[in-house]
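Each chain, written out:
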Amino acid sequence: MNGKQRMVEQSKQWLCDALINLMTKDNFQDISITEIAQTAELSRKTFYHSFKNKEAVINYLCDQLFDQYFEQLLQQKPQIGEMMLKTTFDIFLDFWWQKRDLIQLLIRQGLFDHMNEIWQQKATSRYQQFAAPWHVQGTPTQVNYVMAFQLGGLTNILRVWLGQGNPEPPEQIKDVMLLVARQLADSLDAN
């Protein structure tokens, strides 16, 4: 990345941080481009060179979050059976626990579903990069449905768990998630 590209990325990050800061005090819908630029100590012109609108700033934020999460997921070493699931749950819960203030802010601002949409789009294209025993080999349409099923469960756990005023520690949530996974597997084996 050259100096100009670094400056563009730095400006985007400053604008993103400014919007997050403003959302802690004001409703997302009420925040203006001018307020974001002023808070970031940048011009409106710089804002529009970086983003089309404030929704694009949220998209940038969600892209960053997902990329950071996915990087951690890819560092996982392949394991057999339940150990892989436990490790995946640990990575998932620990990552989002560290980002809980931001997730709670997105929930309060009504932007959590938007994050899920972006996550679904990005996750589907990266499905094969993460080797997990529960992944199915199928058509792009089938993979899209599988990802919707898996991510729907995970993101709803995030919403319920981190949407509380005083969320439980990640280890407690992992135990519940493993219990559900075992019961689901057992119910399929019973037939």
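Computed from a predicted model, the values in this text were never measured in an experiment. (Residues numbered from 1 in each chain as written. Predicted model: local features only at pLDDT ≥ 70, side-chain atom pairs only at ≥ 80, totals over all residues. Heavy atoms only, no water.)

1. Focus on the overall build of the chain
Selection rule: Note on conventions: DSSP H or I runs of at least 4 residues are helices, E runs of at least 2 residues are strands, and numbering of each starts at the N terminus. Accessible area is worked out with a 1.4 Å probe on protein chains only. A residue is then buried under 20% of its type maximum, exposed over 50%, and partly exposed in between. Whether two residues are in contact is decided by their heavy atoms: any pair within 4.5 Å suffices. Surface accessibility in these figures is a Shrake-Rupley result with a 1.4 Å probe; residues are shielded only by whichever protein chains are displayed.
Each helix and strand counted, the chain has 9 helices and 0 strands in total. Moving toward the C terminus, one meets the helices and strands of the chain in the order α-α-α-α-α-α-α-α-α. The proportion of buried residues among the 191 residues of the chain is 40%. Pairs at least 24 apart in sequence give 64% of the contacts found in the chain among residues at least 6 apart. With an accessible surface of roughly 11200 Å², the chain has 53% of that area assigned to carbon and sulfur atoms.

2. Focus: the packing of aromatic side chains
Applied cut-off: Only Phe, Tyr and Trp rings are paired, with Trp represented by its six-membered ring, and only when their centres lie within 6.5 Å; those with planes under 30 degrees apart are stacked, over 60 edge-to-face, the remainder tilted.
Under the criterion given, the structure shown has 13 aromatic pairs. When the centroid spacing of 5.9 Å and the interplanar angle of 40 degrees are considered together, the rings of Y69 and W96 count as tilted. Of this pair, Y69 sits in helix α4 (residues 54-74) while W96 sits in helix α5 (residues 82-98), and the two are 27 residues apart along the sequence. Like W96, Y69 is buried.

3. Side note on the packing of α5 against helix α8 (residues 140-162)
To characterise two packed helices, one gives the angle between the axes of the helices and the distance between these axes. What counts here: Lines fitted to C-alpha atoms define the axes, with helix axes restricted to the stretch in contact, and inter-axis angles between N-to-C directions lie between 0 and 180 degrees. Here the word oblique covers every angle except those under 35 degrees (roughly parallel), over 145 (roughly antiparallel) and from 65 to 115 (roughly perpendicular). Two helices that cross are described as forming a left-handed crossing if the nearer one is turned anticlockwise from the farther one by less than a right angle, and a right-handed crossing if clockwise. Gly is placed with the polar residues, together with every amino acid not listed as nonpolar (Ala, Val, Leu, Ile, Met, Phe, Trp, Tyr, Cys and Pro) or charged (Asp, Glu, Lys and Arg).
At a closest axis distance of 12 Å, the pairing of α5 and α8 adopts a crossing angle of 45 degrees. With respect to their mutual orientation, α5 and α8 come out oblique. As α5 packs across α8, the resulting crossing turns out to be right-handed. In this structure, α5 contributes F92, L93, W96 and W97 to the contact, and α8 contributes L154, L158, W161 and L162. A class-by-class count of the residues in the contact of α5 with α8 yields 8 nonpolar, no polar and no charged.

4. Some thoughts on the environment of E41
For E41, the location among the structural elements is in the loop between α2 (33-39) and α3 (44-50). Taking the C-alpha atoms as reference points, E41 and Q64, 23 residues apart in sequence, are found 22 Å from one another.

5. What about the pattern of salt bridges?
Applied cut-off: Criterion for a salt bridge: a side-chain nitrogen of Lys or Arg within 4 Å of a carboxyl oxygen of Asp or Glu.
For the coordinates displayed, the defined rule picks out 8 salt bridges. The closest approach of N and O atoms between D67 and K122, which form a salt bridge, is 2.8 Å. Remark: K122 occurs in helix α7 (residues 112-126) and D67 occurs in helix α4; sequence separation between them is 55 residues. A relative accessible area of 17% means that K122 is categorised as buried. Put simply, K174 and E171 hold a salt bridge, and the shortest N to O gap is 3.5 Å. Here E171 and K174 lie together in helix α9 (residues 170-189), a separation of 3 residues that amounts to about one turn.

6. As for the UniProt feature "domain: HTH tetR-type" (unreviewed entry) in the chain
The condition that has to hold: UniProt positions are given in the numbering used here, feature names are shortened, and annotations may be inferred rather than shown by experiment.
The UniProt record annotates "domain: HTH tetR-type" (unreviewed entry) at residues 9-69. Helix makes up 74% of residues 9-69 and strand 0%, with an end-to-end C-alpha separation of 19 Å.

7. Some remarks on a nonpolar patch on the surface
Short version of the rule: Only residues whose relative accessible area exceeds 30% and that form no salt bridge are eligible for patches; like-charged ones are grouped when within 9 Å, while nonpolar side chains (Val, Leu, Ile, Met, Phe, Trp, Tyr) are grouped when within 5 Å.
On the surface, a nonpolar cluster with roughly 370 Å² of combined accessible area is contributed by F149, L184 and L188. Summarising the element assignment, L184 is placed in helix α9. On the basis of relative accessibility, which here comes to 46%, the residue L184 falls in the partly exposed class.

8. Points about the packing of helix α1 (residues 3-23) against α4
Across the interface, α1 lies against α4 with an axial gap of 10 Å and an inter-helix angle of 105 degrees. Here α1 is positioned roughly perpendicular relative to α4, judged by the angle of their axes. Residue-level contacts link E9, K12, Q13, L15, C16, L19, I20 and M23 of α1 to K54, V57, I58, Y60, L61 and Q64 of α4. Here the residues of the contact of α1 with α4 sort into 9 nonpolar, 2 polar and 3 charged.

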